[in-house]
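Single-letter residue listing:
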Amino acid sequence: QVQLVESGGGLVQPGGSLRLSCAASGLTFNIYPMAWYRQAPGKQRDLVASISSGGSINYVDSVKGRFTISRDNAKNTVALQMNRLKPEDTAVYYCNARLSAVSRPYWGQGTQVTVSS
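Owing to the predicted nature of the structure, the values given are computational and were not obtained by experimental measurement. (Residues numbered from 1 in each chain as written. Predicted model: local features only at pLDDT ≥ 70, side-chain atom pairs only at ≥ 80, totals over all residues. Heavy atoms only, no water.)

Peer 1: Talk me through the overall build of the chain; I want residue IDs and the actual numbers.
Peer 2: Scanning the chain from N- to C-terminus turns up zero helices and eleven strands. Shown N-terminal to C-terminal, the secondary structure of the chain runs as helices and strands in the order β-β-β-β-β-β-β-β-β-β-β. Its C-alpha radius of gyration of 13 Å places the chain within 12% of the 13 Å reference for a compact globule of 117 residues. Its C-alpha atoms give the chain principal-axis dimensions of about 40 × 25 × 25 Å. Counting the 117 residues in the chain, one finds 36% classified as buried. (Helix = DSSP H or I, 4+ residues; strand = E, 2+ residues; numbered from the N terminus. Rg over C-alpha atoms; globule rule 2.2 N^0.38 Å. Buried < 20%, exposed > 50% of the residue type's maximum accessible area, 1.4 Å probe, protein only.)

Right under this line is the structure:
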């Protein structure tokens, strides 16, 4: 079965950095578009960044210039480098794999990111 396992969350001060990683198994990783979502308390889960199978990348405006998404098809991993973190980046971050808009999405268990002094 498909498994997505996130790691790398934690507590960081404003202005700091974290690197999230997602290890995928049970799927043909190199054909899957991958994405990172986040969900803050009391809010909906929102897209943060995505990377297509061909390497095309998109970011939500609020993280442009601060976050970088990347994938390593040889290792079946996708990463999210987060720099200049802000308190409003505090959320549970989820890894997502979805072949198309009509395919079922796969989710990881989530990793907590807390930005606070």
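On we go.
Peer 1: Which residues make up the state of the cysteines, and what values go with them?
Peer 2: Such a bond, covalent and formed between the sulfur atoms of two cysteines, is termed a disulfide. Within the structure shown, the criterion is met by one disulfide. Bridging Cys 22 to Cys 95, the disulfide has an S-S length of 2.1 Å. Between Cys 22 and Cys 95, the S-S torsion sits near -80 degrees, and that sign places the bridge as left-handed. Taken together, the positions of Cys 22 in strand S3 (residues 18-25) and Cys 95 in strand S9 (residues 91-97) put the pair 73 residues apart, joining distant regions of the chain. Both residues of the pair, Cys 22 and Cys 95, count as buried. (Disulfide = S-S within 2.5 Å.)

Peer 1: I'd like a description of the side chain of Arg 66, backed by residues and values.
Peer 2: With respect to the helices and strands, Arg 66 occurs in the loop between strand S6 (57-59) and strand S7 (67-72). The buried category is assigned to Arg 66, whose relative accessible area is 5%.

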